[in-house]
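Tertiary structure, described
What follows is the residue order along each chain.
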2 protein chains.
Amino acid sequence: MVPGHEIVGRVTAVGEGVSRFQVGDLAGVGVMIDSCQHCESCAEGLEQYCENGHTTTYNSREKDTGNLTFGGYSTSIVVTEKFVLRVPGSLALEAVAPLLCAGITMYSPLKHWKIGKGHRVAVVGLGGLGHMGIKLAAALGAEVTLFTTSQSKAADALRLGAHHVVISSEPDAMKAARGSFDFILSTVPTKHDLNPYLRTLKRDGQLIIVGAIDPVGVHGGMLISHRRSVAGSNIGGVAETQEMLDFCGEHGIVADIELINIQDINTAYERMVKNDVKYRFVIDMASLSTAETNPD
Amino acid sequence: MVPGHEIVGRVTAVGEGVSRFQVGDLAGVGVMIDSCQHCESCAEGLEQYCENGHTTTYNSREKDTGNLTFGGYSTSIVVTEKFVLRVPGSLALEAVAPLLCAGITMYSPLKHWKIGKGHRVAVVGLGGLGHMGIKLAAALGAEVTLFTTSQSKAADALRLGAHHVVISSEPDAMKAARGSFDFILSTVPTKHDLNPYLRTLKRDGQLIIVGAIDPVGVHGGMLISHRRSVAGSNIGGVAETQEMLDFCGEHGIVADIELINIQDINTAYERMVKNDVKYRFVIDMASLSTAETNPD
């Protein structure tokens, strides 16, 4: 498997019929490289919900050839123009890459549910997604709170643009937060109890999960008593991803990253597992051409 | 306890300052008889979500006196005008009563989520609520499907206005229903697995629970993959309940009921527990005045 689906670089060649890119242009590739292009979701620009299944950037099967797709841990990638994004030249390239998955995963639900000025938003968890959720929700005009179990993350959350931090392991803090929020983005990627967060939603409040793939507990009464919702959201469509990149260009928003060489990837992986990264590792692919072959 | 919160009758007396009712008028009382009247939800006419807690028609505490409230199993009830509904004279009175809880519980989410022509709606369960859900969704112009485990309920569902019936215990039928619905109303009042129903929602489809007070299982991937939602909804506000009664008056909609005397209530209860009722028992309260006192 060749992973990597937050990819930024320069165009080295264009095929016939390509009109939006020239050799030398900055370009980005995110989570998808194809979709059926004829279902209702594709027609609406929601390729991420393609009813025939979009083709992911790595470890997926190309629709035409059936070949495996190989991602961005590579010196080059060939992608159909439709799924290639324009990258604002004003931003630090290495810090743009995580916008293509972490960024759009936060931006899409904020836009779909029309979050902006006057809304109180909470983000659960401060990692690759959470730190983008804070930046984007704040840039959209919302009042932003971080829910975290780590007191140590509070200062960084405020630096990133959060207006408040609630330590979710403190019962009094959670009690004080009841009925506070219009919208919660839970970025926690593992099984977690949603009920304590649901309780902090106002009437008609919505909790959006983007990463929890295990079953999640939801108490029915918590929903019924205040007409609350739990919804899921998956990355964003191509047009929306472009909109997000343009928005980030206008607002000077990028991810907080650590740039590494590909030779350091195992160390980076171990640090990531221990939550020791602020907030995404990005690989400088130029280092790949200097990598020695490891016979193991 | 004196239960009863689907109450229809005639006004026998009015207090000073009452302007909307006269002695002899038809009137209805639903699930609530008071709310704080000054919170945001009350200001929006959503007294069912009163942030200080509405006063329920029975076994609740009156805000001013602290006295217990007594419901409709009674020869009379005193209710503040604001929480009294006008009842269309064109409808069979005994069959109007269940509209005041079962009816509004189905009507409110259908209206809140703007369901009507062009929408495919499914109702889970054919009981007091479910049979009203079918009637109301069909009257609003939706294409309606009943999910039931009982083949024996299929014919009745079609009679009530459903266009289709899916037997939810048949895997092939459930598989064929995948991705079909815009909106599902689950009326099941006990713990049940929502995942098989979630799978039948389209992208952006919503499953509304109104009766499940036990924890319900929701698979996160089921939500994320199609931006589906699970939400709760609780009865309706006073103005919306009036709107529902007027809508039912225009469309000739009432509940299917069996009228009983209060002397038969224990038999009725036993039948209800066995699902042997189509679809609500309604007590003729005139029978109360002839009831013999039972010293046991």
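What you see is a predicted model, and the numbers here were worked out from it, not measured in a lab.

Each helix and strand counted, chain A has ten helices and 13 strands in total. Counting only C-alpha atoms and orienting by the principal axes, one finds that chain A spans roughly 60 × 45 × 40 Å. Counting the 296 residues in chain A, one finds 52% classified as buried. Considering only contacts in chain A between residues 6 or more positions apart, those separated by 24 or more positions represent 59%. Counting every atom, chain A has about 13,500 Å² of accessible surface; 49% of that belongs to carbon and sulfur.

All names here are of chain A. Direction of pairing for strand β12 (residues 257-261) relative to strand β13 (residues 280-284): parallel, over a ladder of five bridges. Of the residues in β13, the one forming a bridge with I260 is I283. Taken together, β12, helix α10 (residues 265-273) and β13 constitute a β-α-β crossover, and its handedness is right-handed.

With that out of the way, let us pick up the interface of chain A and chain B. Across the contact, 35 residues belong to chain A and 35 residues belong to chain B. Both sides together, the interface formed by chain A and chain B hides about 2,600 Å², and carbon and sulfur atoms give 56% of it. Its largest share of buried area at the contact with chain B, chain A owes to R203, I224 and R227 of chain A, together 29% of the area lost on that side. Our count for the contact surface shared by chain A and chain B stands at nine residue pairs in polar contact (both at pLDDT 80 or more). Listed by contribution, the elements that provide at least two residues to the side of chain A that touches chain B are α1 (40-43), α3 (102-112), β9 (201-209), β10 (215-219), α8 (220-224) and β11 (229-232) of chain A. Class assignment for the residues of the side of chain A that touches chain B results in 14 nonpolar, 13 polar and eight charged. Across three bridges, β11 of chain A lies against strand β12 (residues 229-232) of chain B in antiparallel orientation. When the bridges of β12 of chain B are listed, S229 of chain A appears paired with A231 of chain B.

Here the UniProt feature "domain: Alcohol dehydrogenase-like N-terminal" (unreviewed entry) sits at residues 1-88 of chain A. In the segment residues 1-88 of chain A, helix accounts for 5% and strand for 15%; the C-alpha atoms at its two ends are 30 Å apart.

Examined against the element boundaries, S169 of chain A turns out to sit in the loop between β7 (164-167) and α6 (171-176). Along the chain, S169 of chain A and D204 of chain A lie 35 residues apart, while their C-alpha atoms are 25 Å from each other.

What follows covers the domain arrangement of chain A. Residues and elements named next belong to chain A. Assigned domains of chain A: these are domain 1 (7-101 + 238-255) and domain 2 (105-232). A separation of 28 Å is found between the C-alpha centroids of domain 1 and domain 2. Contacts between domain 1 and domain 2 engage twelve residues on the former and ten residues on the latter. A salt bridge links E243 to K111; the shortest N-O distance between them is 3.7 Å. At the junction of domain 1 with domain 2, the criterion picks out four residue pairs in polar contact (both at pLDDT 80 or more). Here the residues of the side of domain 1 that touches domain 2 are counted per class, giving eight nonpolar, two polar and two charged.

Below, the discussion takes up helix α9 (residues 238-251) of chain A. All names here are of chain A. Given a rise of 1.5 Å per residue, 14 residues ought to cover 20 Å, and the 20 Å separating the end C-alpha atoms of α9 matches this to within 8%. Among the residues of α9, those classed as buried are V238, E240, T241, Q242, M244, L245, F247 and C248. On its buried face, α9 sits against β3 (32-34), α2 (93-96), α3 and α4 (128-139). G252 lies just past α9 and shows a positive phi near 60°.

Turning our eyes to something else, we now look at the environment of I265 of chain B. Secondary-structure assignment places I265 of chain B in helix α10 (residues 265-273). Separated by 19 residues in the primary sequence, I265 of chain B and D284 of chain B have C-alpha atoms spaced 11 Å apart.

Between chain A and chain B, the superposition needs a rotation of 180° and an axial shift of 0.0 Å, giving an RMSD of 0.0 Å. Such a combination of rotation and displacement between the chain copies is what one expects of a two-fold axis. Every residue of chain A has its C-alpha some distance from the rotation axis, and the shortest such distance is that of V230 of chain A, at 2.6 Å. A high fraction, 100%, of the interface residues of chain A reappear at the interface in chain B, so the copies pair face to face through one surface.

Take the pairing of strand β8 (residues 164-167) of chain B next. All names here are of chain B. Here four bridges tie strand β7 (residues 143-148) to β8, and the two strands are oriented parallel to one another. Looking across to β8, one finds that T145 is bridged to H164. Crossover handedness for the path β7 to helix α5 (residues 154-160) to β8: right-handed.

The subject of this paragraph is the sheet that holds strand β2 (residues 26-29) of chain B. All names here are of chain B. Taken in spatial order, the three strands of this open sheet run β1-β2-β5, and their pairing is antiparallel. Each edge of the open sheet carries a strand with a single partner, namely β1 (7-10) and β5 (85-86). Two strands pair when backbone bridges link them, and β1 and β2 are joined in this way by four bridges, in the antiparallel orientation. Its bridge partner lying in β2, I7 is registered against V29.

For the rest of this paragraph, the subject is the sheet that holds β12 of chain B. Ordered by their spatial adjacency, twelve strands build an open sheet running β7(A)-β6(A)-β5(A)-β8(A)-β9(A)-β11(A)-β12(B)-β10(B)-β9(B)-β6(B)-β7(B)-β8(B), and the pairing between neighbours is mixed. At either margin of the open sheet sits one strand with a lone partner, and together these are β7 of chain A together with β8 of chain B. If you compare each strand with its neighbour and ignore which way they point, the axes differ by 20° on average. Pairing between strand β5 (residues 120-124) of chain A and strand β6 (residues 143-148) of chain A: five bridges, direction parallel. Each bridged residue has a counterpart across the sheet, and for R120 of chain A the counterpart in β6 of chain A is E143 of chain A. Sheet contacts for α3 of chain A: β5, β8 (181-186) and β9 of chain A together with β10 (201-209) of chain B; angle to β8 of chain A, the most-contacted strand, approximately 155°.

What counts and how
Residues numbered from 1 in each chain as written. Chains lettered and ligands numbered in written order. Predicted model: local features only at pLDDT ≥ 70, side-chain atom pairs only at ≥ 80, totals over all residues. Heavy atoms only, no water. Helix = DSSP H or I, 4+ residues; strand = E, 2+ residues; numbered from the N terminus. Buried < 20%, exposed > 50% of the residue type's maximum accessible area, 1.4 Å probe, protein only. Contact = heavy atoms within 4.5 Å. Areas by Shrake-Rupley, 256 points an atom, 1.4 Å probe, with all protein chains shown as cover. Pairing = 2+ DSSP bridges. Right-handed = clockwise from strand over helix to strand, strands pointing away. Buried area = accessible area lost by both parts, 1.4 Å probe. Polar contact = N/O pair within 3.5 Å; in protein donor to acceptor, adjacent residues only side chain to side chain. Nonpolar A, V, L, I, M, F, W, Y, C, P; charged D, E, K, R; others polar. UniProt positions renumbered as here; feature names shortened; annotations may be inferred. Domains from an automatic or database assignment. Salt bridge = Lys/Arg side-chain N within 4 Å of Asp/Glu carboxyl O. Expected span 1.5 Å × (residues − 1). Least-squares fit on C-alpha atoms with pLDDT ≥ 70 in both. Axes fitted to C-alpha atoms, helices over the stretch in contact; angles between N-to-C directions.

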